[in-house]
Amino acid sequence: MTEENVKVAVRVRPFNGREKERNSQVIIDMTGNTTSITDPASKDVKKFTFDFSYWSHDGCKDDGTGYMAPDTSHPNGKKFADQKKVYNEMGAGVLKNAWEGYNSTLFAYGQTGSGKSWSMVGYGVNKGIVPIYCENLYKQIDEKRAAGAKEQYEVMFSMLEIYNENVQDLLDSSPSKKYLNVRQHPKSGFYADGLKSVPVGTYAEIEQRIEEGTRNRTVASTKMNATSSRAHTIVTIKFVQKSVNAAGEEMAKSAEANLVDLAGSERADSTGATGARLKEGAAINQSLSSLGNCIAALAEIAGGKKNMQVPYRDSMLTKLLKNALGGNSKTIMIAALSPADINFEETLSTLRYADRAKQIKTTARVNEDPTAQLIRELQEENEKLKAMLASGKMDMSLLENGEGGADMTDEERAKLKNELEAEYKGMLEKNKLDMENMEKEFQKRLQESQGQSSYKLIAEINEKKKTYPHMYNLNSDPQMTGRIIHFLVKSDSTMDDETIIGNGKAEGTDLTLRGSSITDMHCKIMHKDGVFTLETFPNARTLRNGKPVTAETKVLKNNDRLLFGTSQFYVFCNPKDTTPSKVTDPTFEMAQAEIAEKSGGFDMSGNNKSRDESLLQQDLIEIMPGVEEANSISEALGKQRRFDLVIVSPEARGEMTGRTEVMVKMTDIETKHEWFWNRQKFLDRKCLMSELFDKFEDGVDVNVPQDKDPFYDDPKADFHIGSVKMWLQSISYMLESSETLDITDFKGSSVGKMAIGAYPCDAKGKEYTEKDNKFVEDPSKLVGVPVDFKVKILNARGLPNRFTDVYCKYKVYLEEGFTQSKVMKDTINPDFNHERVISLGAGTPEIVEFLKTGAFTVQIWGKQKDMKPKGGKGGKVLVPKTSTVVPGGTIHAVNDNVKRFDPEKVKIMMEVTALKKRQEKMEQKLAHMQKMIAVAEEHNKRKLRTALIKDIYVAPTNDQAEKCIKLIPLEQDSDDEDGGGIVGGSKVVGVVIPQNKQDISGGEADKGGVDGKGTKGGKKGGDGNKNSDEESKKKKDKGHKGPDSDDDSKKKEVKGHNGGRRGSHSSDSEDESKKKKAPPSHKGGRSGSHSSDSEDESKKKKAPPKKSSACVLL
Ligand SMILES: Nc1ncnc2c1ncn2[C@@H]1O[C@H](COP(=O)(O)OP(=O)(O)OP(=O)(O)O)[C@@H](O)[C@H]1O
Ligand SMILES: [Mg+2]
């Protein structure tokens, strides 16, 4: 027994065509066995270490045979890992294990298209690990045999697929094949009951078996238009060495190599408006998520965590991989990576997954036992099982986890008993088969299986397609492209011919294609004098190179892409047509992109696209055909659902971050209920729809219960009506703001208004008033100060009538959970009257930045009312012609009614409001200072204490300022620095009180300890010496207008207060103009330095230098 860690390798592939077209950036780097990934946005680099890091991105060239070999002239040539290197370091070890009698498992993990199959199976001459493993296995067997080895060697091959938690035998091509049950054997663990394990005698046979399995996979997937990358494929090669030991016993050393090509790991989508992921979505990817859970649990166990349950039983995949993950197996994982910046999130998550996997430990043992003993054990066990089945007494303890059934109801007990009975019968059969395999001569079994194989037929087809005109399938998985061939001529490829394509329901068709929107008589491909033409029957939808084929006959050219119905993609291929075609190697993606481009009006070129735009484009290409198909299936099954594609910005989804995404809106045509599905939910549902449609085509009853119906969604589920974004800039100045803002829905249209506000307050929620004097001129002053404010959601007005039970929810800054308002029934004008104190704690630069530039989103949710017209009951309602399916026509992506909600506008509006308030505050201060000067002049005060000036300056209200100003006449006027200058024991800083307009703007203090900072324009000079009572009086009369000034400040007091409190961004233009008319002498000065009044500014500059007659303050 050897305990060892799972070995983990990562491998990065070259850019694919689209990535190159987009000028993608490489975000992966590898040095030694360290792999680093760079976040394209932040440029942060994360490093991971694995057992192997394979650089297969660049540094290679075609060696002339199509094989990608290292290019020694390239800077990365040395580190380039070709297929051979990967095999030598990873696959060869698996083969060594097999010879030694250890089980091995090698699985490939990674997002769709990341290169899993390239590493596992390979493409053409670039053979992957599986074929090289098999090739070398036979090579070594032959070498041993040639060297006179006495052992007998037996190789058995099986191939299965797990799709949507159904296990299929890929070597079973019979039309009546069933899904396999996964059962548990007390000794060998979980196994797929009834899985064919065929003897194979040569490498060529294995190759053909793989081809047979892949073709069966393709047929199944094409029939249902299943997304191949959601399937897991497990190839098992069992290698048995039989020998006779010294005691004369026959020994069997056996080893299983499981080569697992996992389904593509899904993108981490935002959950969008639909909230938690759907149950059935989880079911589709259940195997993959269970694998993740098992790996996480095993990693924790390896890290020392006790009493941890590993949830193997949660999925078919984890049951079948139980040994590989935590038992008798040496295990290797290859994590396939995309190099492109566009896939950063997925690639990072793959790296993290791989990082966890490397902690897992398995304990492999050599499987070597005397055959006789094995047979004896199997016999004994079968006797036991038979006895148990006969007596009806089941040994519950045989089930894992000791499901003894102590606290079960009778019904549960009976159910479990039936399950156990099936389990035992399965075990009995398996044991019998194992015994047979041990006893029956391998050669005989081999001959039998060779007779049954269909691979000879495949070889013939492959030969024929080289010269005969045909169509071959296009599949999203390139491994499955070209596996289905339909010849378009019969016995003699030169004879005129015609092929009628239909869904198999009508008489007289030559070729049956299954799939939605394929009609009984769909279209006809004619061959006359070497020319092929295509003609469609009425109401049948066929696209040629992305455009609908209309009544007029079309000539087919080599490499033309054809779409029959909504999902059957083919390429027309005429080996006899030697005229060069524009497209040389059509791919599935290309065929989808040209349809999206031609029907939806989307720009599908890869040029100059940002990462988010590229992702959006990728989603469109992926989802558009699915929407079409969903509509078609809905119509065929009479489901009364319509599907539309919508493009939704994060703001419209009510999210603060994220990218613009494609969503699908499902509408109940009868009740008008709507549901918005995110990409993942739609794709999951679409898979289930295809499956349902497949059953429908087979004549199976498709009236499934609600929880299995992909067209069902909860009409009572909460619906995201719209959202509102509230900016918090005013809070960064500790000013309140209350607004009436548009509520925008998914499409960016206004669906009502919301009255909302943010109010500075203390931690207990007491709102600050003017008197509290919390206004800050600069938000950075909030650093270190407690920041609390109150959110008030007063009401919404004019919501659409089709909603009830309306409520709001929101979260602010780093809050994790949403806060919800009360729920308001049956009103389009709900009064939420919700308020809550948000305490951000002591301000940090981050918090200040958030307040200055950030916002929070309030989402408005409700329930949809049933809008079914009164009296209208049931009945089949057809999908209206406005749907996305138009026979023979185009896709109507609803991008035309997508309005982009412009958050920038709202942001600017709020900024302006905050700025206005700030300006009001500053002007209020300025007015106080002006009045202070006026009063000082009036009372002929040459000096004022700084403390008093400060009191006036910081006075939050006019009243308070007024009180301080009233103290001016009482101020002592003294030149004595040491005497009057010291207040309360501390020395006050001197300030010049300018005595006339010029002085205010530009006078230089010439006396007594003025520190130069005292006046803004002080350095500019000016002989402010003329200080006489007369002059100051003149000023009072002319420039100052004492009474006017009073009036003015009164006006300001009213306005200032209201403005501040109400926080309205109502136009203050009247007031504003009055202010502007105010005498210039009111402006400028020290406190006026913030003023942006350019007129004043220029006057200041133009003012002649004058000696200041100002007093000097200490
Ligand atoms: N190392 C490589 N060198 C050259 N081409 C590669 C390499 N890896 C992958 N590719 C190409 O990238 C494409 C996607 O690779 P592959 O089919 O292996 O992905 P996958 O991970 O198996 O995807 P899926 O999840 O859809 O099965 C293929 O066209 C393949 O030829
Ligand atoms: Mg693959």
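Below, the structure is looked at part by part.

About the cut-offs
- Residues numbered from 1 in each chain as written.
- Chains lettered and ligands numbered in written order.
- Predicted model: local features only at pLDDT ≥ 70, side-chain atom pairs only at ≥ 80, totals over all residues.
- Heavy atoms only, no water.
- Axes fitted to C-alpha atoms, helices over the stretch in contact; angles between N-to-C directions.
- Helix = DSSP H or I, 4+ residues; strand = E, 2+ residues; numbered from the N terminus.
- Parallel < 35°, antiparallel > 145°, perpendicular 65-115°, else oblique.
- Left-handed = near helix turned anticlockwise from the far one by under 90°.
- Contact = heavy atoms within 4.5 Å.
- Nonpolar A, V, L, I, M, F, W, Y, C, P; charged D, E, K, R; others polar.
- Expected span 1.5 Å × (residues − 1).
- Buried < 20%, exposed > 50% of the residue type's maximum accessible area, 1.4 Å probe, protein only.
- Pairing = 2+ DSSP bridges.
- Near = heavy atom within 4 Å.
- Polar contact = N/O pair within 3.5 Å; in protein donor to acceptor, adjacent residues only side chain to side chain.
- Areas by Shrake-Rupley, 256 points an atom, 1.4 Å probe, with all protein chains shown as cover.
- Salt bridge = Lys/Arg side-chain N within 4 Å of Asp/Glu carboxyl O.

1. Describing the packing of helix 22 (residues 946-954) against helix 23 (residues 958-965)
Link 1 in the chain: In the contact formed by helix 22 and helix 23, the axes pass within 8 Å of each other and the chain directions differ by 160°. Taken together, the axis directions place helix 22 and helix 23 in an arrangement best described as roughly antiparallel. Between helix 22 and helix 23 the crossing geometry is left-handed. From helix 22, Leu-948, Asp-951 and Ile-952 reach across to helix 23, where they touch Ala-961, Cys-964 and Ile-965.
Link 2 in the chain: Within the contact of helix 22 with helix 23, the residues separate by chemical class into five nonpolar, no polar and one charged.

2. Quick notes on helix 11 (residues 371-391)
Link 1 in the chain: Under the 1.5 Å per step criterion, the end-to-end length of helix 11 is 30 Å for 21 residues, consistent within 8% with the ideal 30 Å.
Link 2 in the chain: Remark: Gly-392 follows helix 11 within two positions and exhibits a positive phi of approximately 80°.

3. Points about the pairing of strand 31 (residues 561-564)
Link 1 in the chain: Every second residue of strand 31 is oriented toward a common face, with Arg-561 and Leu-563 on one face and Leu-562 and Phe-564 on the other, all of them buried.
Link 2 in the chain: Here strand 28 (residues 542-544) pairs with strand 31 via three bridges, running antiparallel. When the sheet's bridge partners are listed, Leu-543 is paired in strand 31 with Leu-563.
Link 3 in the chain: Bridge count between strand 31 and strand 32 (residues 568-573): four bridges; the pairing is antiparallel. Its bridge partner being in strand 32, Phe-564 is matched across the sheet by Gln-568.
Link 4 in the chain: In textbook terms, the turn of a hairpin is the stretch between consecutive antiparallel strands, and for strand 31 and strand 32 this stretch comprises three residues, one of which, Gly-565, has a positive phi near 65°.

4. Considering the site of ligand 1
Link 1 in the chain: In the vicinity of ligand 1, 16 residues are found, and the nearest of them are Gly-113, Lys-116, Ser-117, Trp-118 and Tyr-123.
Link 2 in the chain: Lys-116 is positioned such that a nitrogen or oxygen atom in its side chain is 2.7 Å from an oxygen atom of ligand 1.
Link 3 in the chain: Residue Ser-117 places a side-chain N or O atom 2.8 Å away from an oxygen atom belonging to ligand 1.
Link 4 in the chain: Out of a free accessible area of 620 Å², ligand 1 has 83% covered by protein chains.
Link 5 in the chain: Sort the elements by how many residues they give to the shell around ligand 1 and helix 3 (residues 116-120) lands first, with three residues.
Link 6 in the chain: Of the residues assigned to the shell around ligand 1, the class counts are four nonpolar, nine polar and three charged.

5. A few points about unusual backbone geometry
Link 1 in the chain: Phi angles above zero are rare outside glycine, and Ser-517 is one such case at about 70°.
Link 2 in the chain: Mapped onto the elements, Ser-517 comes out in the loop between strand 25 (511-512) and strand 26 (523-528).

6. Overview of the sheet that holds strand 24 (residues 497-502)
Link 1 in the chain: Taken in spatial order, the five strands of this open sheet run 25-24-26-27-30, and their pairing is mixed. The outermost strands of the open sheet, each flanked by one partner alone, are strand 25 and strand 30 (554-555).
Link 2 in the chain: Two elements, strand 24 and strand 25, share two bridges in a ladder whose sense is parallel. Bridged to Ile-501 within strand 25 is Leu-511.

7. With respect to the pattern of salt bridges
Link 1 in the chain: For the coordinates displayed, the defined rule picks out 45 salt bridges.
Link 2 in the chain: Between Asp-355 and Lys-358 there is a salt bridge; the shortest N-O distance is 2.9 Å.
Link 3 in the chain: Here Glu-674 and Arg-802 are joined by a salt bridge, their closest N and O atoms 3.1 Å apart. Placement of the pair is Glu-674 in strand 35 (residues 674-677) and Arg-802 in the loop between strand 39 (786-797) and strand 40 (803-810), with a sequence separation of 128 residues.
Link 4 in the chain: By sharing partners, the salt bridges in this structure join Asp-619, Glu-622, Arg-659 and Arg-679 into a single network.

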